[in-house]
Amino acid sequence: MEVTSIVNGIIIDHVPAGTALKVLEYLKINPAKTKLALIMNTDSHLYGTKDIIKIEDEDGKKTPAIDLDVLGLVARTATVGIVRGGKIVEKKTPTLPEHVVNILTCRNPRCVTTTERGIDQMFHLTHSERQEYRCDYCDEEAKL
């Protein structure tokens, strides 16, 4: 299988194998309206297998903004390469965010965020090794 290189755009590499579609969903990238290539379960020297997401920006003017906090939450091992003129000009590595807003949803039926409308879903990192987040309002553990 051959996937050609992109001239302008973004390459999200080292995405955990089988999670590329979930990453697109969390990043709010619509595959029906975005010129992209998904390479799933490809070989990786570092991880065994991985997914790669290539998002092309034909005119080089409207490269989608990638929320590194969201990416750090759903694909902690991923790297983001910014491509201009066929070369990677910048490489970014997401980190696990200390606090997230409106990315996770509280599952506690008694939490104020599930009973009241218009309240932001806010979670804080309590244990980085286990990637454990808890609701700011009721302290319920979030499920990723």
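Keep in mind the model is a prediction, meaning the values are calculated, not measured. (Residues numbered from 1 in each chain as written. Predicted model: local features only at pLDDT ≥ 70, side-chain atom pairs only at ≥ 80, totals over all residues. Heavy atoms only, no water.)

Visitor: Explain the pattern of salt bridges here, please?
Guide: Counted under the stated rule, the structure contains six salt bridges. Where Glu-132 meets Arg-130, a salt bridge forms, and the shortest distance between an N and an O atom there is 2.7 Å. Looking at Glu-132, the relative accessible area reads 9%, which means it is buried. Salt bridges sharing partners connect three or more residues here, namely Arg-130, Glu-132, Arg-134 and Glu-141. (Salt bridge = Lys/Arg side-chain N within 4 Å of Asp/Glu carboxyl O. Buried < 20%, exposed > 50% of the residue type's maximum accessible area, 1.4 Å probe, protein only.)

Visitor: How do you make sense of unusual backbone geometry when you look at a structure like this?
Guide: Apart from glycine, the bulk of residues carry a negative phi angle, and the bulk of peptide bonds sit in the trans form. One non-glycine residue, Lys-28, adopts positive backbone phi at about 60°. Of the residues examined, Lys-28 reaches a relative accessible area of 71% and is grouped as exposed.

Visitor: Would you explain the UniProt feature "domain: Aspartate carbamoyltransferase regulatory subunit C-terminal" (unreviewed entry) in the protein in this entry?
Guide: Residues annotated by UniProt as "domain: Aspartate carbamoyltransferase regulatory subunit C-terminal" (unreviewed entry) correspond here to residues 100-141. Secondary structure across residues 100-141 comprises 10% helix and 29% strand; the distance between its end C-alpha atoms is 13 Å. (UniProt positions renumbered as here; feature names shortened; annotations may be inferred. Helix = DSSP H or I, 4+ residues; strand = E, 2+ residues; numbered from the N terminus.)

Visitor: Please explain the sheet that holds strand β6 (residues 99-101) as it appears in this structure.
Guide: The strands that make up a sheet are held in pairs by hydrogen bonds between backbone atoms, and each pair lies either parallel or antiparallel. If you walk across this open sheet you meet the three strands as β6-β7-β8, and the pairing is antiparallel. Since the sheet does not close on itself, it has two edges, and those belong to β6 and β8 (132-135), each with one partner. Going from strand to strand, the sheet's axes swing by 35° on average, the running direction of each strand aside. Of the strand pairs in this sheet, β6 and strand β7 (residues 122-127) are connected by three bridges, and their pairing is antiparallel. Bridging across to β7, His-99 finds its partner in His-124. (Pairing = 2+ DSSP bridges. Axes fitted to C-alpha atoms, helices over the stretch in contact; angles between N-to-C directions.)

Visitor: Please explain the domain arrangement of the protein as it appears in this structure.
Guide: What the domain assignment lists for the protein is domain 1 (9-92) and domain 2 (99-135). Counting each side, the surface lost to burial between domain 1 and domain 2 is near 560 Å², with a carbon and sulfur contribution of 61%. At the boundary of domain 1 and domain 2, one finds zero salt bridges. Inspection of the region where domain 1 meets domain 2 yields two residue pairs in polar contact (both at pLDDT 80 or more). The residue makeup of the side of domain 1 that touches domain 2, split by class, is three nonpolar, one polar and one charged. (Domains from an automatic or database assignment. Buried area = accessible area lost by both parts, 1.4 Å probe. Polar contact = N/O pair within 3.5 Å; in protein donor to acceptor, adjacent residues only side chain to side chain. Nonpolar A, V, L, I, M, F, W, Y, C, P; charged D, E, K, R; others polar.)

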